[in-house]
Amino acid sequence: MPDCPAPSVPVLPGLDATEPLDSPANLARLLDRDDRIRAYIDGLNAALRCEQARGNHE
């Protein structure tokens, strides 16, 4: 049976503390972080579904 690899924990870009939170640069970083976290969650869900399909319900 194939392995059910879990995704790697994403590296999240830091915010620029010298700028306001809602600055264009920080907003772009927040949106990038959101995309990376959503992709990570999708990968975790896929790994879980794979494990469940293999019968590993512990």
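You'll find the structure just up there.
So, here's what we can say about the structure. (Residues numbered from 1 in each chain as written. Predicted model: local features only at pLDDT ≥ 70, side-chain atom pairs only at ≥ 80, totals over all residues. Heavy atoms only, no water.)

**So, the overall build of the chain**
Filter applied, for reference: Each helix is a run of DSSP H or I of at least 4 residues and each strand a run of E of at least 2, with the numbering of both proceeding from the N terminus. Just to be clear, the radius of gyration here is over C-alpha atoms, and the globule rule we use is 2.2 Å times residues to the power 0.38. With a 1.4 Å probe rolled over the protein chains alone, any residue whose accessible area is under 20% of its type maximum counts as buried; one over 50% counts as exposed, and the rest are partly exposed.
The number of helices and strands found in the chain is 1 helix and 0 strands. Here the C-alpha atoms of the chain give a radius of gyration of 17 Å, more than 25% beyond the 10 Å that 2.2 N^0.38 yields for 58 residues. A principal-axis box enclosing the C-alpha atoms of the chain has dimensions of 50 × 15 × 15 Å. Taken over 58 residues, the chain has a buried fraction of 10%.

**Observations regarding the pattern of salt bridges**
Inclusion rule: For this analysis, a salt bridge means a side-chain nitrogen from Lys or Arg found within 4 Å of a carboxyl oxygen belonging to Asp or Glu.
Inspection of every chain in the model, using the stated rule, returns 3 salt bridges. Close ionic contact of Asp34 with Arg38 constitutes a salt bridge, the shortest N to O distance being 2.7 Å. Taken together, the residues Asp34 and Arg38, both in helix 1 (residues 24–54) and 4 residues apart, mark about one turn of the helix. Ionic pairing is found between Arg54 and Glu51, a salt bridge with its closest N-O pair at 3.8 Å. With Arg54 and Glu51 both in helix 1 and 3 residues apart, the pair spans about one turn of that helix. By relative accessible area, which is 30% here, Arg54 ends up partly exposed.

**With respect to a nonpolar patch on the surface**
Rules: Residues enter a patch when their relative accessible area is above 30% and they make no salt bridge; the linking distance is 9 Å between like charges and 5 Å between nonpolar side chains (Val, Leu, Ile, Met, Phe, Trp, Tyr). Surface accessibility follows the Shrake-Rupley procedure with a 1.4 Å probe radius. Residue values consider only the protein chains on display as shielding.
On the surface, Leu15, Leu21, Leu27 and Leu30 cluster together into a nonpolar patch covering about 330 Å² of accessible area. Relative to the elements of secondary structure, Leu21 occurs in the segment before helix 1.

**Some details on the environment of Asp32**
Within the fold, Asp32 resides in helix 1. Residue Asp32 is classed as partly exposed on the basis of its relative accessible area, which comes to 28%. Taking the C-alpha atoms as reference, Asp32 lies 18 Å from Leu44; in sequence the two are 12 residues apart.

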